[in-house]
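Coordinate inspection notes
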Number of protein chains: 2
Amino acid sequence: MPKIVDAEARRQEVVQAVFRIIASDGLERASLREVADEAGLAVGSVRHYFASSDDLLVFSFGAVIDRIAGRLESAMTAVEAERQGSSAQQAAVLNLLGQFLPLDEELAVDACVWMAFRHAARIKPVLAAEAERSHRAVAAVVGRLIMLLSPQEAEAQQTLVAEAERLLATMDGLCMHALLQPEWMTAEMCSDVLTAHLRSLAGAPASS
Amino acid sequence: MPKIVDAEARRQEVVQAVFRIIASDGLERASLREVADEAGLAVGSVRHYFASSDDLLVFSFGAVIDRIAGRLESAMTAVEAERQGSSAQQAAVLNLLGQFLPLDEELAVDACVWMAFRHAARIKPVLAAEAERSHRAVAAVVGRLIMLLSPQEAEAQQTLVAEAERLLATMDGLCMHALLQPEWMTAEMCSDVLTAHLRSLAGAPASS
DNA sequence: GGTGTTGAAGCACGTTCGTGCTAAAAAATA
DNA sequence: TATTTTTTAGCACGAACGTGCTTCAACACC
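Every value quoted in this text rests on a predicted model; they were computed, and no experiment measured them. (Residues numbered from 1 in each chain as written. Chains lettered and ligands numbered in written order. Predicted model: local features only at pLDDT ≥ 70, side-chain atom pairs only at ≥ 80, totals over all residues. Heavy atoms only, no water.)

Quick word on helix α2 (residues 32-39) of chain B
Residue and element names in this part refer to chain B. Definition in use: In this scheme, a residue with accessible area under 20% of its type's maximum is buried, one over 50% is exposed, and one in between is partly exposed, where area comes from a 1.4 Å probe on protein chains only. The secondary structure listing takes helices from DSSP runs of H or I that are at least 4 residues long and strands from runs of E that are at least 2 residues long, numbered from the N terminus. Working definition: the arc comes from the directions between the helix axis and the C-beta atoms, pointing outward to the latter. It only takes one pair of heavy atoms within 4.5 Å for two residues to be counted as in contact.
Along α2, the residues classified as buried are L32, V35 and A36. When α2 is viewed along its axis, its buried side chains cluster within an angular range of 100 degrees and face the same direction. Exposed residues lying more than 90 degrees from the buried face of α2 are R33 and D37. Packing partners of the buried residues in α2 comprise α1 (7-25), α3 (43-49) and α4 (53-81). Two residues or fewer past α2, G40 is found with a positive phi of approximately 75 degrees.

Structure representation (structure tokens):
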């Protein structure tokens, strides 16, 4: 029939163009014309794969969520595979939490895009569902991590939830600072903050 | 000479209109026309007080920084006025940290506007200087708080800095979650997370 | 009371946006 | 080779944007 083209691959190429534009110029510059230019296509071509601008943005949001959630999941299974309390497990935990931070180019792009979409979802209702999914996916991983790391002594369920939310907030804040104030929040500072937080988790059992 | 009008008061009215628009519709909707409508003025009138759109945004950013920094400063002096370790000081600390969070309508508007400008500053160079000032002002207060709350035992300077950055990141993450996922991050959850963090500061001296 | 400075309002221009729609190009099938 | 269908490209329209510039009303001062 037609010119054979892998539609799914094309969509991913367009999404990659969206990511690059958001990371460098912000979400508000991710218009159809800009995206088409960045992807080396015409506006009509992009609109052939995505019915509307909202469609493109929602799909892109979903794509970055899948990427991040996938990284977190695999890093979490690596943590669970290590012996409890071993230094190898400690390293795996640091690796897991590092997936939140813009420590290399790819992670930085994803972090930019993720932050931009989550903040945009406060205003644009079309993004709300994906924002919910994003929060659930990340909270699930962090919850498992907290259950693993918390002292075995009897812990109130509420305390565990609060500790999970605390770690989640710290990671998001750390990511935010690393993106917005990279001169202050360096990779070393991130590492220091992370180790301090993990020590506070292990050393100060939050017995309610 | 002319029609007497308190120019500074007028500017503040326009800035308030900017705040309302950003809080409800996002920063990208804070155009001259929208702001003029919200303030009950004409575009030309707004431009009489602000030379350009960028001028208006930079001034508004500065205004929200001053408001937040002012609240933090007064709350910090209240903390320093209480007896060290007293429960009154504990309450004053909770009050100080609560100034970061959208716990009432006014705080919520400021938090929205503050977040929006800080993220926009990553892209728009005109906002960069104010973003720097914002970071310095808040970091200074949090630094003083950490020095006050840390156990008196000999602490490495680096550890204190890391603890300050950790508290700052946690507060920003908490604020972000309270704004973006208010159903999950309720006021009670904020309180639980804050008390857990303060306990980890006092109970687990981060001796390097 | 005239006069000149200033607040307020609005027009006009060029740019960018999303989107409906049409037309050409390209490749697999008849 | 002719046809059919997907892919690509492009035009046109209305809306919204920032901004330069002009116009009008109002009030303090001579």
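Examining the nonpolar core
How we decide: Among the buried residues, those of types Ala, Val, Leu, Ile, Met, Phe, Trp, Tyr and Cys that are joined through side-chain atoms within 4.5 Å form a nonpolar core.
Counting residues in each nonpolar core, the largest one holds 139 residues, and the members touching the most others are L97 and F100 of chain A together with L97 and F100 of chain B. Contact partners of F100 of chain A, with chain neighbours within four places excluded, come to L72, W114, V138, V142, M171 and C175 of chain A.

Some words on the side chain of R118 of chain A
Relative to the helices and strands, R118 of chain A resides in helix α6 (residues 105-121). Given the relative accessible area of 7%, R118 of chain A is considered buried.

As for the environment of S200 of chain B
Along the chain, S200 of chain B falls in helix α9 (residues 187-203). The exposure class of S200 of chain B is buried, given its relative accessible area of 4%. It is 26 Å that separates the C-alpha atoms of S200 of chain B and A111 of chain B, two residues lying 89 residues apart in sequence. Setting aside residues no more than four positions away along its own chain, S200 of chain B makes contact with R166 and S200 of chain A together with R166 of chain B.

Considerations on the domain arrangement of chain A
Residue and element names in this part refer to chain A. Our working rule: Note that the domain bounds reflect an automated or database-derived domain assignment. Accessible surface is computed with a 1.4 Å probe, and the buried area is the amount of it that two parts give up when combined, taken over both parts together. The term salt bridge refers to a side-chain nitrogen of Lys or Arg lying within 4 Å of a carboxyl oxygen of Asp or Glu.
Considered domain by domain, chain A is made up of domain 1 (1-50) and domain 2 (55-203). Computed from C-alpha coordinates alone, the two centres of domain 1 and domain 2 are separated by 28 Å. Domain 1 puts 16 residues into the contact, and the matching count from domain 2 is 14 residues. Interface area, domain 1 with domain 2, both sides summed: about 1200 Å², of which 85% is carbon and sulfur. It is F19, L27 and F50 that lose the most area in domain 1 upon contact with domain 2, and together they represent 46% of the buried surface on that side. One can count zero salt bridges joining domain 1 with domain 2.

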